[in-house]
Amino acid sequence: MTFAFGIGIGTQNQKGEWLEAFYQSPLYLPDATLAELAGNTLGYQGGNKALDASDEQLKQFADGLRRAGFEDQAKLAEKAVGSQRPAVVTVLENDDTASSTPEVYLKLQLISHRLVRPHGLKLDGIFGLLPNLAWTNEGAIDLDELPERQMDARIAGRLLEVKSVDKFPQMTDYVVPKGVRIADTARVRLGAYVGEGTTVMHEGFINFNAGTEGPGMIEGRISAGVVIGSGSDLGGGCSTMGTLSGGGNIIISVGDNCLIGANAGIGVPLGDRCTVEAGLYLTAGTKVAVLDDENNLVKVLKARDLANKSDLLFRRNSENGAVECKTNKSAVELNDQLHANN
């Protein structure tokens, strides 16, 4: 097997440097024959490579793919013939650290296509390979080339709209997973994993290498590296502390059927059927008074000592301000009709 494979169309700047790459149907763990065919027609010699492909090479590649029985990939190669933007064929022999921009884009799209779960790919070093770009209604543009493109657009009587300036594009410009609702697509980055049945409302946000099992209601922030379990609800304005926002090496996750209340937040992983009261931010070092069913104090722990434990309710005592933890007796239940998004 090959680790991953993709036939794509990309964007380069005036220097010929790759800015981004789109793969309509990337493959995860495909037959090794694909790499062999790339070697025969595109000069692939092993390892992880993003291969520039001329029209003639793409035609030969398509013929080889069709003879070998890879009809869908042959059609993609034929589609790329005559493209106004450069074609790229990316072959990943293994999951080593990426060495080119098209390799990074292939990995991010594998996640957003739900072919690989968050934390399932090696993504270290990708920031150095993702140029900061102007994402416009005409695609990705090198920031140094943006003023000229804006002027050219004005001269032609049109407006070049800059939607964002970022290293990551929005996911839906590359992948729209089955069975999801996303109210503001700019708030879900490429490389997000959005499980079927997930609803992301306007203030919801999902970073790369993070996401939801689905179904779920997301009205808060899912930071990089955080995975939300099935049936969970993130209330408006709530936050999860990711590995890029202070969580360090601790992998923050939320189990199944959990509720994080509005404007609450977590810096520790939660088990299943947990509830965090609205407005309560629970960090690893937060001192938590553990209570029995009669509200008697059992012990005082740090929140990290309760990490990944199920059936817990975290609340703040309105009289003395102490953070308390009790057995959670009412797990969140999502509206099935609300999250049937097909």
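Residues numbered from 1 in each chain as written. Predicted model: local features only at pLDDT ≥ 70, side-chain atom pairs only at ≥ 80, totals over all residues. Heavy atoms only, no water.

Here the chain is partitioned into domain 1 (4-129), domain 2 (134-166) and domain 3 (171-340). Taken together, the contact pairs 8 residues of domain 1 with 8 residues of domain 2. Here domain 1 packs against domain 2, burying approximately 530 Å² in sum over the two surfaces, 45% of which is carbon and sulfur. Taken together, domain 1 and domain 2 are joined by 3 residue pairs in polar contact (both at pLDDT 80 or more). In the side of domain 1 that touches domain 2, the residues fall into 2 nonpolar, 3 polar and 3 charged. (Domains from an automatic or database assignment. Contact = heavy atoms within 4.5 Å. Buried area = accessible area lost by both parts, 1.4 Å probe. Polar contact = N/O pair within 3.5 Å; in protein donor to acceptor, adjacent residues only side chain to side chain. Nonpolar A, V, L, I, M, F, W, Y, C, P; charged D, E, K, R; others polar.)

Before going further, it helps to spend a moment on the UniProt feature "binding site: Mg(2+)" (unreviewed entry) in the chain. The feature "binding site: Mg(2+)" (unreviewed entry), as given by UniProt, occupies Glu203 in the numbering adopted here. By the element assignment, Glu203 lies in the loop between strand S11 (198-200) and strand S12 (205-206). When near neighbours in sequence (up to four residues on either side) are disregarded, Glu203 contacts Arg187, Glu219 and Gly220. (UniProt positions renumbered as here; feature names shortened; annotations may be inferred. Helix = DSSP H or I, 4+ residues; strand = E, 2+ residues; numbered from the N terminus.)

Right, let's talk about the side chain of Asp142 for a bit. Within the fold, Asp142 resides in strand S7 (residues 139-142). The buried charged residue Asp142 lacks any salt bridge partner; its closest oppositely charged side chain belongs to Lys15, at an N-O distance of 6.3 Å. Of note is the side chain of Asp142, whose polar atom sits 3.0 Å from the side chain of Asn13. Look past the residues within four positions of Asp142 in its chain and what remains in contact with it is Asn13, Leu19 and Leu133. (Buried < 20%, exposed > 50% of the residue type's maximum accessible area, 1.4 Å probe, protein only. Lys, Arg positive; Asp, Glu negative; His and termini not counted. Salt bridge = Lys/Arg side-chain N within 4 Å of Asp/Glu carboxyl O.)

So, about the UniProt feature "binding site: succinyl-CoA" (unreviewed entry) in the chain. In the numbering adopted here, UniProt assigns the feature "binding site: succinyl-CoA" (unreviewed entry) to Arg221, Gly236, Ser239, Ala262, Glu277, Ala278, Gly285, Lys302, Arg315, Arg316, Asn317 and Ser318. Spatial dispersion of the annotated residues is evident: they stretch over 98 residues in sequence, and the largest pairwise C-alpha distance comes to 25.9 Å. Mapped onto the fold, Glu277 is located in the loop between strand S22 (275-276) and strand S23 (281-282). In this structure, Glu277 is in contact with Gly261, Ala264, Phe314, Arg315 and Arg316, ignoring residues within four places of it in sequence. Relative to the helices and strands, Gly285 resides in the loop between S23 and strand S24 (287-291). What makes Gly285 partly exposed here is its relative accessible area of 38%. If near-sequence neighbours (up to four positions away) are discounted, Gly285 is found in contact with Lys302 and Arg304.

Another point: the pairing of S24. Burial of S24 is extensive: 4 of the 5 residues sit out of reach of the surface. Relative to strand S25 (residues 297-302), S24 runs antiparallel, the two being bridged by 5 bridges. Its bridge partner lying in S25, Ala289 is registered against Val300. Hairpin connection from S24 to S25: 5 residues lie between these consecutive antiparallel strands, with Asn295 at a positive phi of about 65°. Examined bridge by bridge, S24 and strand S27 (residues 323-327) share 3 bridges and lie parallel to one another. In the sheet register, Ala289 faces S27, and the bridge partner there is Glu324. (Pairing = 2+ DSSP bridges.)

Bringing the packing of aromatic side chains into the picture now. Scanning all chains against the criterion turns up 7 aromatic pairs. Considering the side-chain rings of Phe3 and Tyr28, the 5.5 Å spacing of their centres and the 85° angle between planes classify their relative orientation as edge-to-face. Of this pair, Phe3 sits in the segment before strand S1 (4-12) while Tyr28 sits in strand S3 (residues 27-28), placing them 25 residues apart in sequence. On the basis of relative accessibility, which here comes to 12%, the residue Phe3 falls in the buried class. (Phe/Tyr/Trp six-rings, centres within 6.5 Å; stacked < 30°, edge-to-face > 60°.)

Let us look at helix H3 (residues 71-80). Taken as a whole, H3 has its buried residues at Gln73, Ala74, Leu76, Ala77 and Ala80. Looking down the long axis of H3, one finds its buried residues gathered within 160° of arc, a one-sided arrangement. Of the exposed residues in H3, those oriented more than 90 degrees away from the buried face are Asp72 and Lys79. The inward-facing, buried residues of H3 abut S1, S3, helix H2 (55-67) and strand S5 (87-92). Where H3 ends, the next residue or the one after it, Gly82, has phi of about 80°, a positive value. (Arc of directions from axis to C-beta.)

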